[in-house]
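# Observations on chain architecture
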Amino acid sequence: MAGFGLPNFGQLTEAFRKAQQIQQDAQKLQEELDAMELQGSDPEGRASVWLSGNQQPLRVELSPELLAEPVETVEAAVLAALCKAYEVSTGTMRERMETLTGGLDLNLPGLGN
């Protein structure tokens with residue numbers, strides 16, 4: 001019956017097996033990303049922010065020297081650290097997803113370049 005343009009049963013079985021394996025690996029990856037603590041700091045290293053691999057905020061650390069600065073300086077340093085932590089976290093997620101999918105372009109929301 002392969003003459004009707006349908007893949008043979010073996011190909012379908014293999015495709016379903018691969019899909020199940022990717023689903024299992026994706027669940028494991030999700031757990032790994034949740035357990036990660038990825039740090040980002042401002043350029044001067046006076047503010048640090050930690051996020052999980054899934055961009056969940058974990059903690060913030062500010063140096064005493066930074067806290068003596070005007071509020072605008074503190075805000076800018078925290079924002080810079082947050083942006084860096086987000087960059088590290090999304091980059092890590094992207095790399096892990098590419099490894100998981102074998103480089104397939106799945107065009108997943110939030111993971112674009």
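Everything discussed here concerns the structure shown above.
Here we summarise the structure given alongside this text. Everything quoted here is computed from the prediction, not taken from an experiment.

### Considerations on the packing of helix 1 (residues 9–35) against helix 3 (residues 71–101)
As a packed pair, helix 1 and helix 3 sit with axes 10 Å apart at the nearest point and diverge in direction by 160°. On the basis of their axis angle, the class for helix 1 and helix 3 is roughly antiparallel. The two elements helix 1 and helix 3 cross, and the hand of that crossing is right-handed. Contacts between helix 1 and helix 3 involve I22, D25, A26, L29, E32 and L33 from the first element and M93, R96, M97 and L100 from the second. In terms of residue class, the contact of helix 1 with helix 3 is made up of seven nonpolar, no polar and three charged.

### Observations regarding the pairing of strand 3 (residues 57–62)
Bridge analysis of strand 2 (residues 47–51) against strand 3 gives five bridges, and the strand direction is antiparallel. Of the residues in strand 3, the one forming a bridge with V49 is V60.

### A few points about the pattern of salt bridges
Applying the stated rule across the entire model yields five salt bridges. Of the charged contacts, one joins E37 and R59 as a salt bridge, the two residues approaching to 2.6 Å between their closest N and O atoms. Taken together, the residues E37 in the loop between helix 1 and strand 1 (38–41) and R59 in strand 3 connect sequence positions 22 residues apart. With a shortest N-O distance of 3.4 Å, R46 and E69 are connected by a salt bridge. On the criterion of sequence distance, the pair formed by R46 in the loop between strand 1 and strand 2 and E69 in the loop between helix 2 (64–67) and helix 3 is long-range, its members being 23 residues apart.

### With respect to helix 3
The terminal C-alpha atoms of helix 3, which comprises 31 residues, lie 44 Å apart, in line with the 45 Å expected from a rise of 1.5 Å per residue. Every buried residue of helix 3 is listed here: V74, A77, A81, A85, S89, T90, G91, T92, M93, M97, L100 and T101. Remark: G102 follows helix 3 within two positions and exhibits a positive phi of approximately 65°.

Procedures and definitions
Residues numbered from 1 in each chain as written. Predicted model: local features only at pLDDT ≥ 70, side-chain atom pairs only at ≥ 80, totals over all residues. Heavy atoms only, no water. Axes fitted to C-alpha atoms, helices over the stretch in contact; angles between N-to-C directions. Helix = DSSP H or I, 4+ residues; strand = E, 2+ residues; numbered from the N terminus. Parallel < 35°, antiparallel > 145°, perpendicular 65-115°, else oblique. Left-handed = near helix turned anticlockwise from the far one by under 90°. Contact = heavy atoms within 4.5 Å. Nonpolar A, V, L, I, M, F, W, Y, C, P; charged D, E, K, R; others polar. Pairing = 2+ DSSP bridges. Salt bridge = Lys/Arg side-chain N within 4 Å of Asp/Glu carboxyl O. Expected span 1.5 Å × (residues − 1). Buried < 20%, exposed > 50% of the residue type's maximum accessible area, 1.4 Å probe, protein only.

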